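This is what each chain is made of:
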Amino acid sequence: EVQLVESGGGLVKPGGSLRLSCAASGFTFSTYNMNWVRQSPSKGLECVAFISTSGDSIHYADSVKGRFTISRDNARNSLYLQMNSLRAEDTAMYYCTRDCMTTVTPFDLWGLGTLVTVSS
Amino acid sequence: DIQMTQSPSAMSASVGDRVTITCRASQGINKYLVWFQQKPGKGPKRLIYASSTLQSGVPSRFSGSGSGTEFTLTISSLQPEDFATYYCLQHNNYPWTFGQGTKVEIK
């Protein structure tokens, strides 16, 4: 089955760190660009970070630049998001998403998400 | 950043109704527009890409149109499983940006 499964979310204090993981299965992970997208009641859906197939192209939202790092391990079929200096406004559901490479269009597959709560 | 404005924000409709949701971009985005459906507790599901191309497996009652700054998602005959929240996304300019969503509720 083609799927993405996120993990690593939880409750963390402001200024703390978390590392999110996304396990991909059912498709050739190394041939797809990948992303993290988050969703909160206050800001809605927001693209957080993008990484190309080999990791040589990376983009971040201005709101997380310098604090978050996206990476991937194609041998382990896994995507990661290292989140440092967390703030209350980073509280959200975080989704791992895949881009469709044949049509060059985004987000054709989503995981169920992992919840990150930043609170003291 | 390109702002995406959806209307309405919420609507009530009955099974069998024709439903139209509009998404407006703050500047031209060609046809780089995607529509998603989200149900409670789940990640969004892609319905339409390139403004009007139906994602494989999505029922033909869903259709999309538009280019430039104005786009529409139409459900020709609303079914019980279509009650959900719908979002548009532009991917013409980075950062890609979503609309705020349209919640379709049962009348």
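Structure first, text after, so check above.
Residues numbered from 1 in each chain as written. Chains lettered and ligands numbered in written order. Predicted model: local features only at pLDDT ≥ 70, side-chain atom pairs only at ≥ 80, totals over all residues. Heavy atoms only, no water.

## Considering the packing of aromatic side chains
Stated formally: In this scheme Phe, Tyr and Trp rings, the latter by its six-membered ring, pair at centre separations within 6.5 Å, and the angle between planes marks the pair as stacked below 30 degrees, edge-to-face above 60, and tilted otherwise. Whether a residue is buried, partly exposed or exposed follows from its accessible area with a 1.4 Å probe, protein chains only, as a fraction of its type maximum: under 20%, in between, or over 50%, in that order. Definition used: whenever NZ (Lys) or CZ (Arg) falls within 6 Å of the ring centre and also within 35 degrees of the ring normal, the charge is taken to sit over that ring.
Tallying each qualifying case throughout the model produces 11 aromatic pairs over all chains. Geometrically, the ring pair formed by Phe27(A) and Tyr32(A) is edge-to-face, given 5.2 Å between the ring centres and 85° between the ring planes. For the residue pair Phe27(A) and Tyr32(A), the accessibility class agrees, reading buried in each case. With 5.6 Å between their ring centres and 70° between their planes, Phe107(A) and Trp110(A) make a pair best called edge-to-face. Residue Phe107(A) is classed as buried on the basis of its relative accessible area, which comes to 0%. Here the aromatic cluster, defined as three or more aromatic residues joined through ring pairs, consists of Tyr95(A), Phe107(A), Trp110(A), Phe36(B), Tyr94(B), Trp96(B) and Phe98(B). Between the NZ or CZ atom of Arg19(A) and the centre of the ring of Tyr80(A), over which it lies, the distance is 4.0 Å.

## Let's talk about the sheet that holds strand β3 (residues 19-25) of chain B
Residues and elements named next belong to chain B. To be explicit about the condition: Only strands joined by at least two bridges in the DSSP assignment are considered to pair. Helix numbering and strand numbering both begin at the N terminus, where a helix is a DSSP run of H or I of at least 4 residues and a strand a DSSP run of E of at least 2. Interaxial angle, 0 to 180 degrees, is taken between N-to-C directions of lines fitted to C-alpha atoms, where a helix line uses only the stretch in contact.
Pairing in this open sheet of 4 strands is antiparallel, and the strands run β1-β3-β8-β7 from one edge to the other. Every other strand in the sheet has two partners, leaving β1 (4-7) and β7 (62-67) as the edge strands with one partner each. Adjacent strand axes in the sheet meet at a mean angle of 15°, parallel and antiparallel pairs treated alike. Pairing between β3 and strand β8 (residues 70-75): 6 bridges, direction antiparallel. Directly across from Ile21, in β8, lies its bridge partner Leu73.

## Examining the interface of chain A and chain B
This is how the line gets drawn: Any two residues whose heavy atoms approach within 4.5 Å are treated as being in contact. Note on definitions: buried area is the accessible-area loss of two parts on being combined, 1.4 Å probe, summed for both. When a carboxyl oxygen of Asp or Glu lies within 4 Å of a side-chain nitrogen of Lys or Arg, that pair is called a salt bridge.
Contacts between the two partners involve 22 residues from chain A, matched on the other side by 16 residues from chain B. Across the chain A/chain B interface, buried area totals approximately 1,500 Å², and carbon plus sulfur atoms make up 67% of it. Taken as a group, Leu45(A), Pro106(A) and Trp110(A) account for 34% of the area that chain A buries against chain B, more than any other trio of residues on that side. For the pair chain A and chain B, the interface holds 0 salt bridges.

## Let's talk about the layout of surface pockets
The method is simple in principle: a probe with the dimensions of a water molecule rolls over the atoms, and the space it marks as empty is what remains. Selection rule: Cavities and pockets were defined on a 1 Å grid built from protein atoms only: a cavity is a group of points that admits a 1.4 Å probe but offers it no way out, a pocket is an open group of points flanked by protein on both sides within 12 Å along at least five of seven lines, and a lining residue is one with an atom within 4 Å of any such point. Grid points are joined across faces, edges and corners, and a volume is the space filled by probe spheres set on the points. The residue classification treats Ala, Val, Leu, Ile, Met, Phe, Trp, Tyr, Cys and Pro as nonpolar and Asp, Glu, Lys and Arg as charged. All others, Gly included, are polar.
As a volume, the largest pocket reaches approximately 550 Å³. For the lining of the largest pocket, the secondary structure elements donating two or more residues are β1 (3-7) and β10 (105-110) of chain A together with β5 (45-49) of chain B. Here the element with the most residues in the lining of the largest pocket is β1(A); it accounts for 4 residues. Partitioning the lining of the largest pocket into residue classes produces 11 nonpolar, 8 polar and 10 charged. As a volume, the second largest pocket reaches approximately 340 Å³. Every residue lining the second largest pocket is counted, 18 residues in all, and those nearest its centre are Lys43(A), Leu45(A), Glu46(A), Thr97(B) and Phe98(B). Among the elements of the structure, β5 (44-51) of chain A together with β10 (97-98) of chain B are those that each provide at least two residues to the lining of the second largest pocket.

On their own, these measurements won't tell you what the molecule is for.
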